[in-house]
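# A closer look at the structure
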Amino acid sequence: MTAAEALLAFLVAGALGFVVGLERQVSPHHEAGYAGARTFALFGMWGAAAGYLGERFGGGGIAAALLSLAGLVLASYLGSGTRSGDWGTTTEAAALLVFAAGALAWEGLWAAAIGISVTVTVLLRAKEPLHRMARQFSDEDVRTFLQFAVVTALILPLVPDVAMGPFDGFNPREVWLMVVFVSAIGLVGYVALRLLGSRGVALTGLLGGLVSSTAVTMSFSRMARDPLQPGAALATGVLAACGLMYVRVMVEAVVLAPSLAGALAPWMITTFAVVEGVALAIWLRVGRRESGGTAAPEMRNPLTLTTALAFGALYAVVAFVSAAAISLVDADSLWVVGAVTGLNDVDAMTLSMGNLVQSGLAVGPAAEAVLAAVTVNAVVKMGLALIIGGAVFARRVVPALAVAVVLTAIAWVIV
């Protein structure tokens, strides 16, 4: 390394440390006289110096530089904690990361050094927002997120990727992948609800559609029975959730089988636009005034181990029955499986058809099966709105869903 390159590495390391230290210095939680912009700039240059010592003296040089910095940080930590009574280690951890960024700068790994420094600065600055976000979640939510990590990172790699059983209709890894996929979609919607809060019924319904549009329909229909509840706003929430079902189907198809998504796209997009358009019209006309700050009920966390296993079992049954129908009858009979499945769920059928298209099934029969499922599922939601919500509520919800049923039924016939 030339002298100019060495000087540049030290300057970059110091500049990155300065940025992190500046955040510490202007932070309202910063203790006067404790590590700020100048000190962190020196920490970064110390990291570059460790890189230099490593080149001259090997690992022992880097270890000596790191230990000397750790000793200084420990002494500062003990002194600061004794004076203020605050024994947090955030600033000290940031100092060590700035040291690491400085060492990376010496090696010429500019992107890594800058990325670490920017990430550290953002995390330090985001203390209050992160704390507010954490307060939105319960202990049960944290336990559920850990379950998702377990089913994704620990169990998935161990599940065998082998087709087994009659008609090779059961692949354990494929089933578990679908569990992870659908759970992730539901979790995204749930986290969005938690972060944004129940700011009105329509927003809750829209985001709830990522969790379960059927659950939103049942919950809001039950609320609509109460004459004191905002009926139009609740109808908006139901339609918003039901419309998002078609988006969810498209996302699943695009991920697994783009050709299937291409066959479904015109119908799914049109149906989504119709349902969401009616929801928007109701909201603009009546629902916005009606909701008046009324908070919709919070959705339950969709990702429990029980629900994950239940969906996995349902998907396995749908996949097996579909494989059996192809082997024993013909692919054109798959719409029967889709129609029956649609009484309870749309995701299982969409994912099963996507995997079958990947394995060589023609797009036409697969699209028919998915359209049969979404058609029947919309009819089920119409029935829920009428039976649970009553005639007045159904008059707001059923017409839009009826149009959706007609559109998907037409597609089912002509695809």
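As a reminder, the structure under discussion sits directly above these lines.
Right, let's walk through the structure included here.

Turning our eyes to something else, we now look at the overall build of the protein. Looking only at helices and strands, the protein features 17 helices and 0 strands. For the protein, with 415 residues in total, the buried portion stands at 47%. Of the contacts formed within the protein by residues at least 6 apart in sequence, a portion of 75% connects residues at least 24 apart.

Within the fold, Thr375 resides in helix α16 (residues 363-389). Assessed through its relative accessible area of 6%, Thr375 is described here as buried. Not counting residues within four places of it along the chain, the set of residues in contact with Thr375 comprises Val405, Thr408, Ala409 and Trp412.

Overall, the coordinates contain 2 salt bridges when judged by the stated rule. Put simply, Glu23 and Arg125 hold a salt bridge, and the shortest N to O gap is 3.2 Å. In this pair, Glu23 is assigned in helix α1 (residues 3-26) and Arg125 in helix α5 (residues 110-125), connecting sequence segments 102 residues apart. As a salt-bridge pair, Asp347 and Arg248 come within 3.1 Å of each other at their nearest N and O atoms. Remark: Arg248 occurs in helix α11 (residues 231-256) and Asp347 occurs in helix α15 (residues 347-358); sequence separation between them is 99 residues. With respect to class, Asp347 is no different from Arg248; both count as buried.

On to the packing of aromatic side chains, then. According to the stated counting rule, one finds 4 aromatic pairs in the structure shown. Each ring, one from Phe10 and one from Trp106, has its centre 5.8 Å from the other, and the planes form 80 degrees; the classification is edge-to-face. Here the residue Phe10 occupies a position in helix α1, and Trp106 occupies one in helix α4 (residues 90-106), the gap between them amounting to 96 residues. The exposure class assigned to Trp106 is buried, which follows from its relative accessible area of 4%. Relative to Phe43, the ring of Phe40 lies with its centre 5.4 Å away and its plane at 70 degrees, an arrangement referred to as edge-to-face. Taken together, the positions of Phe40 and Phe43, both in helix α2 (residues 37-57) and 3 residues apart, correspond to about one turn of that helix. The buried category is assigned to Phe40, whose relative accessible area is 0%.

Further remarks concern the packing of α11 against α15. Where α11 meets α15, the axes come as close as 9 Å, and the angle between the chain directions of the two elements is 20 degrees. Here α11 is positioned roughly parallel relative to α15, judged by the angle of their axes. The two elements α11 and α15 meet at a crossing, and its hand is right-handed. Between α11, through Arg248, Val249, Glu252, Ala253 and Leu256, and α15, the contact on the second element is made entirely by Asp347, Thr350, Leu351, Gly354, Asn355 and Gln358. Here the contact of α11 with α15 is composed, by residue class, of 4 nonpolar, 4 polar and 3 charged.

Cut-offs used in this document
- One numbering rule holds for all chains: residues counted from 1, following each sequence as written.
- Note on the predicted model: pLDDT of at least 70 is required for a residue's local features to be given, and 80 or more for side-chain atom pairs to be given and counted; whole-chain, interface and lining totals, by contrast, use all residues.
- In computing side-chain properties, one takes all heavy atoms of the structure into account and sets aside hydrogens as well as water.
- For helices the rule is a DSSP run of H or I covering at least 4 residues; for strands it is a run of E covering at least 2, with both sets numbered from the N terminus onward.
- Burial here depends on accessible area, computed with a 1.4 Å probe over protein chains only, as a share of the maximum for the residue type. Under 20% is buried, over 50% is exposed, and the range in between is partly exposed.
- Throughout, a residue-residue contact means that at least one pair of heavy atoms, one from each residue, lies within 4.5 Å.
- Here, a salt bridge means any Lys or Arg side-chain nitrogen found within 4 Å of an Asp or Glu carboxyl oxygen.
- By convention, a stacked pair of Phe, Tyr or Trp rings (six-membered ring in the case of Trp) has centres within 6.5 Å and planes under 30 degrees apart, an edge-to-face pair has planes over 60 apart, and any other such pair is tilted.
- Orientation is described by axes fitted as lines to C-alpha atoms, over the contacting stretch for helices, and by angles from 0 to 180 degrees between their N-to-C directions.
- These descriptions rest on fixed angle ranges, namely under 35 degrees for roughly parallel, over 145 for roughly antiparallel, 65 to 115 for roughly perpendicular, and the rest for oblique.
- By definition, turning the near helix anticlockwise from the far helix through less than a right angle yields a left-handed crossing, and turning it clockwise yields a right-handed one.
- Only Asp, Glu, Lys and Arg are considered charged in this grouping, and only Ala, Val, Leu, Ile, Met, Phe, Trp, Tyr, Cys and Pro are considered nonpolar; every other residue, Gly among them, is considered polar.

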